[in-house]
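Structural features, examined
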Amino acid sequence: MKAVPTSIPDVLMIEPKVFGDARGFFFESFNARAFRDATGLDETFVQDNHSRSARGVLRGLHYQIRQPQGKLVRVVRGAVFDVAVDLRRASPSFGRWAGVELSEDNHRQLWIPPGFAHGFVVLSESADFLYKTTDYYAPEHERCLLWNDPAVGVDWPLDAPLLSGKDREGKPLAACEVFE
């Protein structure tokens, strides 16, 4: 397992060792010791989630203002453009975003630390998206950063995504509760 910093050094792209041949492939999608050795992080994951979305669906940019969640995300079918936005006011990268393509073909994962908003858009016909979290889902603490806030300027690879009502009602960064 290899951890590669993105444009925001705390957001890490995780590249597993994939063993493949004519029969298919094998890789460890998570190993606590290998994750710790590659990242220097000793995280405890408490919840696994799985979502399936159609092409053009954009989910996000979500975060929990209390009980913030670190997330280890991956795609097991299809492809997405995955984004993390730094909402830690004291961070030098506050308000900046990092994005990577995650797919069933590249097997990459993304580590998104607590204090970040997270979202993705589906690039393939559909995508199965899996993620581990370091804290439990707490709907009363969930917030949504507006997906297309010009102050953040995420360069999404589409113009008119399919959004939930919650995601259409996201707040611009200037109006969001953020982390100190």
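Refer to the preceding data block for the structure.
Below or above, wherever it landed, is the structure these notes cover. As the structure is a prediction and not an experimental result, all values here were calculated from the model. (Residues numbered from 1 in each chain as written. Predicted model: local features only at pLDDT ≥ 70, side-chain atom pairs only at ≥ 80, totals over all residues. Heavy atoms only, no water.)

**Let's talk about the pattern of salt bridges**
Inspection of the entire model under this criterion finds 13 salt bridges. Between Arg36 and Asp42 there is a salt bridge whose closest N-O contact spans 3.8 Å. Between Asp128 and Arg52 there is a salt bridge whose closest N-O contact spans 2.6 Å. A residue pair is termed long-range when its members are at least 10 positions apart, and Asp128 in strand β12 (residues 126-133) and Arg52 in strand β5 (residues 47-54) qualify at 76 residues. Here the residues in one salt-bridge network are Lys2, Glu15 and Arg108, joined through shared partners. (Salt bridge = Lys/Arg side-chain N within 4 Å of Asp/Glu carboxyl O. Helix = DSSP H or I, 4+ residues; strand = E, 2+ residues; numbered from the N terminus.)

**Topic: the environment of Ala98**
Here Ala98 shows up in strand β9 (residues 97-103). Taking the C-alpha atoms as reference, Ala98 lies 9.8 Å from Asp155; in sequence the two are 57 residues apart.

**Considerations on the sheet that holds strand β7 (residues 71-77)**
Judged by pairing direction, the sheet is antiparallel, and its six strands sit side by side in the order β1-β2-β10-β7-β12-β5 without closing on themselves. Looking along the sheet, the strands with just one partner apiece sit at the ends: β1 (2-5) and β5. Averaged over all pairs of adjacent strands, the angle between their axes in this sheet comes to 25°, without regard to strand direction. Sheet analysis places β7 next to β12, joined by six bridges and oriented antiparallel. Paired with Leu72 across the strands is Lys132, a residue of β12. (Pairing = 2+ DSSP bridges. Axes fitted to C-alpha atoms, helices over the stretch in contact; angles between N-to-C directions.)

**Notes on helix α1 (residues 32-39)**
One full turn of an α-helix is made of 3.6 residues, so residues set three or four places apart face in the same direction. Where α1 begins, one side-chain oxygen reaches toward the backbone nitrogen of Arg33, 3.0 Å away; that side chain belongs to Asn31. Of the residues flanking the end of α1, it is Gly40, one or two places downstream, whose phi is positive at about 80°. (Polar contact = N/O pair within 3.5 Å; in protein donor to acceptor, adjacent residues only side chain to side chain.)

**Let's talk about the sheet that holds strand β6 (residues 58-64)**
Working definition: the strands of a sheet are paired by backbone hydrogen bonds and lie parallel or antiparallel to each other. What the five strands build is an open sheet, ordered β9-β8-β11-β6-β13; its pairing is antiparallel. Looking at the sheet topology across the chains shown, the edges are occupied by β9 and β13 (142-144). Here the average twist between neighbouring strands, direction ignored, is 25°. As paired strands, strand β8 (residues 79-86) and strand β11 (residues 116-122) are joined by seven bridges and run antiparallel to one another. Residue pairing for β11: Val85 is matched across the bridge by Ala117.

**Comments concerning the environment of Glu140**
Along the chain, the position of Glu140 falls in the loop between β12 and β13. Judged by its relative accessible area of 51%, Glu140 falls in the exposed class. Here the alpha-carbon distance between Glu140 and Phe30, two residues 110 residues apart in the chain, equals 29 Å. (Buried < 20%, exposed > 50% of the residue type's maximum accessible area, 1.4 Å probe, protein only.)

**A look at the side chain of Asn49**
In this fold, Asn49 is placed in strand β5. A distance of 3.0 Å separates a polar atom in the side chain of Asn49 from a polar atom in the side chain of Gln47. Beyond its immediate stretch of four places on either side in the chain, Asn49 contacts Phe129, Leu130, Tyr131 and Thr133. (Contact = heavy atoms within 4.5 Å.)

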